[in-house]
Structure formats: structure tokens, C-alpha cells
Amino acid sequence: MADRISSSSSPGSSNSPGSSNSPGFSNSPGVPRSSDQSTAPGGRSGSWFSRPDSRLGAGMRIVLPAVWLGLIIGISLIEAPLKFQAPGITIPLGLGIGRLVFAAMNVVELVIAVILLWATLRRGVSAFQRNLTFGLIGVLLIKVVGIRPLLNRRTDLVLAGIDGGGSSWHYFYIAADGLLIVGLVTLLVVAVRASVRPYAPDGTPAPRG
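The structure reproduced in this document is the subject of the present report. (Residues numbered from 1 in each chain as written. Predicted model: local features only at pLDDT ≥ 70, side-chain atom pairs only at ≥ 80, totals over all residues. Heavy atoms only, no water.)

A closer look at the packing of aromatic side chains
Worth spelling out the cut-off: Each pair of aromatic rings taken from Phe, Tyr and Trp, with Trp reduced to its six-membered ring, is defined by centres within 6.5 Å and is described as stacked if the planes are under 30 degrees apart, edge-to-face if over 60, and tilted in the remaining cases. Runs of H or I in DSSP of at least four residues are treated as helices and runs of E of at least two as strands, each being numbered from the N terminus. Burial classification: accessible surface area is computed with a 1.4 Å probe over protein chains only, and a residue below 20% of its type maximum counts as buried, one above 50% as exposed, and the rest as partly exposed. By definition here, charges over rings are those cases where NZ of Lys or CZ of Arg is within 6 Å of the ring centre and within 35 degrees of the ring normal.
One pass over the structure, following the stated rule, counts two aromatic pairs. Arranged with centres 5.7 Å apart and planes meeting at 85°, the rings of Phe 102 and Tyr 173 form a pair that is edge-to-face. Taken together, the positions of Phe 102 in helix H3 (residues 91–120) and Tyr 173 in helix H5 (residues 169–195) put the pair 71 residues apart, joining distant regions of the chain. For the pair Phe 102 and Tyr 173, one class covers both residues: buried. When the centroid spacing of 5.1 Å and the interplanar angle of 40° are considered together, the rings of Trp 169 and Phe 172 count as tilted. Of this pair, Trp 169 and Phe 172 are both found in helix H5, three residues apart, which corresponds to roughly one turn of the helix. Under the relative-accessibility criterion, Trp 169 is labelled partly exposed at 34%. Of the residues examined, Phe 172 reaches a relative accessible area of 47% and is grouped as partly exposed. Over the ring of Trp 118 we find Arg 122; its NZ or CZ atom is 4.4 Å from the centre of that ring.

Shown next as C-alpha cells:
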């Protein structure tokens, strides 16, 4: 009996503190056990995607694409062509006005894109909705950073009387706006369908099913 007691309480036994089989301890000193390391929901520790969704985020994912879509339709499809039909409007004058209007529009678009990105990087947002948002922001950056400066150079030449106007870059700009319109309509439909989902009392989306 004494031999059994001494062998079970010896320092080398598997139940002694600091051993590999002892709960709450790791094999290396100073390294916390894996169960103590905080992991955010979804398996990504500290990831943007681990943030819980909310009514505010869901609302932003509906309102912002709608505002962005209306901005493109109102300015690119309505204001831009109609201003040249106004009495007394010359091409240099119309281009000067359009340059100011589109510069302000691009700033608003970038602000909308940043807020929309913040609202999209949430846990529970579908991968399709996320990737579509990334694609729209990519098209916007190409339009603002790549195409717009080239159009501004052509506008400078027209205003200086060196060039008579007309540029193929306008078609690229129109194509970019067309992609944005199609993408924003799709994103708006997806966001509305995703929002038809019950919410828990704390404001987080209730689990599906």
C-alpha cells in the first residue's frame, strides 16, 4: 500500500503540475495553452470579418448602393447630356461645368465606397455580396484614378483651344459607369433579400433556419 501511494505522488507522475497531460498547462513554460488563446467567432482571430453584423450595417448596405446608383443615373445619364442642349451653352463652357460636377461626384462616390466597405466587412455577409462590393470599388478606382485624369487632360486642351473635343476615353468612362449601374442594382437586390431576416433583441441577426 505504501509503495502505491509513493509511486502515484512521485514528481514524475503524469498528473503532476507542468506535465503534458495536466489540464491548463502547456509543454513549454510561459506559453499559454491553446484553449486560453482568444479566437474570434468565425475562426479568424481579430479579423474584420469577425465583427458581428447589426441593423446599422444592414441598413447601410441598402441605402448606400441606392444613393450611389441614383447619383450615377442623375449625373452621368441625365445631367451630362442635357446640359449641352441648354441655350447659350458652348462646348468649352459645358466641359468646364461638367468637370466641376464630375469631380464632386467622384469624391462623393469614394466616400460612399468607404462607408459601404465598412458595412460589408461583417460576419454573416455572404461571400458573393462581399466580392461584388470589392469589384464595384475596383471599377470606381479605375474610373477615378485611371480614366478621369486622362479626360481632364483632354478637357484642358479643349478649354485652351488646342483640341476640338471628342475622345475615346469618354467611352471607357461610360462603360465604367455602366458596370457600376449593373453591379449596384445587383448589390441592392442581394442586400434587400439578405435583410429580410429576423434580428435578435441585441441587434444581431438571428441564425438562419
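So, the side chain of Ser 76
The following threshold applies: Here, two residues are considered to be in contact whenever any of their heavy atoms come within 4.5 Å of each other.
Tracing the backbone through its elements, the reader meets Ser 76 in helix H2 (residues 55–82). Apart from residues lying up to four places away in sequence, Ser 76 is in contact with Leu 71, Pro 81, Phe 102, Met 105 and Asp 177.

Observations regarding H3
Counted only if it meets this: Expected helix span is computed as 1.5 Å times (number of residues minus one).
Taking 1.5 Å of rise per residue, 30 residues should cover 44 Å, and H3 covers 41 Å from first to last C-alpha, within 8% of that figure. Restricting attention to buried positions, one finds in H3 the residues Gly 94, Leu 95, Gly 98, Phe 102, Met 105, Asn 106, Glu 109, Ile 112, Ala 113, Leu 116, Ala 119 and Thr 120. Tucked inside the fold, the buried residues of H3 contact H2, helix H4 (127–159) and H5.

Some details on the nonpolar core
Generally speaking, soluble globular proteins have nonpolar side chains that are buried together. Inclusion rule: Put simply, buried Ala, Val, Leu, Ile, Met, Phe, Trp, Tyr and Cys residues joined by side-chain atoms within 4.5 Å make one nonpolar core.
By size, the foremost hydrophobic cluster in this structure holds 26 residues, and its most contacted members are Trp 68, Ile 72, Phe 102, Met 105, Leu 136, Leu 180 and Leu 184. Only H2, H3, H4 and H5 provide two or more residues apiece to this core. In terms of residue count, the dominant contributor to this core is H4 (eight residues). The residues contacting Leu 136, other than those within four sequence positions of it, are Trp 68, Leu 179, Leu 180, Gly 183, Leu 184 and Leu 187.

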